[in-house]
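# What the coordinates show
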Amino acid sequence: MAERRLMAVHAHPDDESSKGAATMAKYAKHGRVRVVTCTGGERGEILNPRLVNDADLAANLPAVRREEMARAAKALGIEHRWLGFVDSGLPEGDPRPALDPGSFAMAPLDVVVEGLVREIREFKPQVLLTYNENGGYPHPDHIRTHIASIMAVAAAHDPQAYPEAGAPWQVSKVYYDVMFNRPRIEAFDAALRAAGMDSPFDRWLERDTVAIQPSARIDVADFFPQRDAALRAHASQIDPDGFFFAMPRDLEAKVWPWEEYVLALTTVGQPAGVETDLFERIPGVELVD
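Right, let's walk through the structure included here. Remember, predicted model here, so these are calculated numbers, not experimental data. (Residues numbered from 1 in each chain as written. Predicted model: local features only at pLDDT ≥ 70, side-chain atom pairs only at ≥ 80, totals over all residues. Heavy atoms only, no water.)

## Observations concerning the pairing of strand 4 (residues 127–130)
Regular strands place side chains that alternate from one sheet face to the opposite one. Threshold: Buried residues are those whose accessible area, probed at 1.4 Å on protein chains only, stays under 20% of the maximum for their type, while exposed residues exceed 50% and partly exposed ones sit between those limits. The helix count covers DSSP runs of H or I at least four residues long, the strand count covers runs of E at least two residues long, and both are numbered beginning at the N terminus. Each pair of strands is called paired provided DSSP finds at least two bridges between the two strands.
Covered by surrounding structure in strand 4 are Val127 and Leu129 together with Leu128 and Thr130, the residues of both alternating faces. Bridging between strand 1 (residues 5–10) and strand 4 involves three bridges; their strand directions are parallel. Bridging from a neighbouring strand, Met7 pairs with Leu128 of strand 4.

What follows is the structure, given as structure tokens:
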């Protein structure tokens with residue numbers, strides 16, 4: 001049987017821990033998982049209220065975020081690579097200010113794609129995870145990650161594309177993460193209120209969002225501890241008392257023990273129903289129990 005290899009392409013350090021982390025921990029136990037992080041997260045704000053006034057952290061944020069990423073990767077049992085681009089930040093205002101010309105979102109697209117092609121051809125994943133066309137949310141780095149990921153999957157299989165970036169490799173399936181799908185948030189909100197607990201998810205439910213029908217639903221309740229450890233590893237970005245930890249894990253395991261994905265590209269056909277394993281239908285790969 002072929003070794004399972006899963007690659008996830010993310011924009012910033014901490015994205016891997018908030019989107020599909022338990023899935024990666026599960027497959028890392030049964031094969032190899034590699035996260036490719038496109039930027040160093042240099043322009044990320046300090047979102048942990050306990051650390052917001054830490055002057056040393058703010059002055060050394062790029063190095064801190066690298067250390068946090070290393071701890072998160074260890075918690076999940078995954079491999080990790082930096083693609084080496086600079087965080088674009090999230091411009092705000094009306095009109096929005098221009099992006100830094102040296103940032104990831106402004107980098108020549110062929111340079112970004114070539115970097116991802118090298119990673120794909122070297123690691124040889126059967127399955128790749130990335131963001132949808134909206135980036136999951138409309139951050140310029142997330143949108144650029146989506147565009148570059150899809151282009152790199154196509155280019156990696158083309159022997160005429162980037163011939164110095166390694167031997168061609170065909171990714172069998174590409175999935176988009178839908179961790180923040182409305183039905184999941186509704187289930188969390190209802191479960192907390194039924195248990196007589198406060199829910200922090202009302203602001204999410206006020207948004208005009210639609211439910212997304214998943215192609216795959218992976219049972220990951222046994223890997224919540226690894227996911228939580230990875231989230232806490234990103235101490236500058238994750239509030240340990242915030243909404244990521246609002247749902248008691250025993251209750252979460254009962255009402256929503258899954259992480260969900262939409263199948264975006266496939267060379268092995270469409271599923272007959274909702275998949276329970278991302279490697280379904282890939283020849284020569286044993287499924288995870």
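## Details of the packing of aromatic side chains
Quick reminder of the rule: Each aromatic pair joins two rings of Phe, Tyr and Trp (for Trp, the six-membered one) with centres within 6.5 Å, and gets the label stacked for planes under 30 degrees apart, edge-to-face for over 60, and tilted for any other angle. Note on criteria: charge over ring means Lys NZ or Arg CZ within 6 Å of the ring centre, with the direction from the centre no more than 35 degrees off the ring normal.
A full pass over the atoms with the stated rule returns nine aromatic pairs. Ring geometry for Phe180 versus Trp204: centroids 5.2 Å apart, planes at 15°, classification stacked. Of this pair, Phe180 sits in the loop between strand 5 (173–177) and helix 7 (182–194) while Trp204 is found in helix 8 (residues 202–205), placing the two residues 24 residues apart along the sequence. Counting every residue linked through ring pairs, the aromatic cluster contains Phe180, Trp204, Phe243 and Phe244. The lysine or arginine in question, Arg5, covers the ring of Phe123, its NZ or CZ lying 5.7 Å from the ring centre.

## Examining the sheet that holds strand 7 (residues 258–266)
For clarity, the threshold we go by: To define axes, lines are fitted to C-alpha atoms, for helices over the stretch in contact only, and angles between the resulting N-to-C directions are given on a 0 to 180 degree scale. Residue contacts follow a heavy-atom distance rule, with two residues in contact if any of their heavy atoms lie within 4.5 Å.
Pairing is mixed across the open sheet formed by seven strands, whose spatial order is 3-2-1-4-5-7-6. In this open sheet, the two strands that pair with only one neighbour each are strand 3 (79–85) and strand 6 (216–219). Averaged over all neighbouring strand pairs, the angle between strand axes comes to 25°, with direction disregarded. Contacts from helix 5 (residues 109–123) reach strand 1, strand 2 (32–39), strand 3 and strand 4, with the element oriented near 160° to strand 3. Across the sheet, helix 6 (residues 140–156) touches strand 1, strand 2, strand 4, strand 5 and strand 7, and the angle it forms with strand 4 is around 160°.

## Some thoughts on the pairing of strand 1
With respect to burial, strand 1 is a largely interior element, six of its six residues being buried. The alternating pattern of strand 1 places Arg5, Met7 and Val9 and Leu6, Ala8 and His10 on opposite faces, both of which are buried. With six bridges connecting them, strand 1 and strand 2 associate as parallel partners. Bridge pairing links Ala8 to Val35 in strand 2.

## A closer look at the packing of helix 5 against helix 6
We apply this condition: The scheme is simple: roughly parallel for angles under 35 degrees, roughly antiparallel for over 145, roughly perpendicular for 65 to 115, oblique for anything else. With the far helix as reference, a near helix turned anticlockwise by less than a right angle produces a left-handed crossing, and one turned clockwise produces a right-handed crossing. Ten residues, namely Ala, Val, Leu, Ile, Met, Phe, Trp, Tyr, Cys and Pro, are considered nonpolar, four, namely Asp, Glu, Lys and Arg, are considered charged, and the remaining ones, Gly among them, are considered polar.
Running from N to C, helix 5 and helix 6 cross one another at 55°; their axes reach a closest spacing of 8 Å. As the angle between them shows, helix 5 and helix 6 are arranged oblique. Like other packed secondary-structure pairs, helix 5 and helix 6 cross with a definite hand, here right-handed. Contacts from Leu109, Val112, Val113, Leu116, Val117, Ile120 and Arg121 in helix 5 reach Arg144, Ile147, Ala148, Ser149, Met151, Ala152, Val153, Ala155 and Ala156 in helix 6. The residue makeup of the contact of helix 5 with helix 6, split by class, is 13 nonpolar, one polar and two charged.

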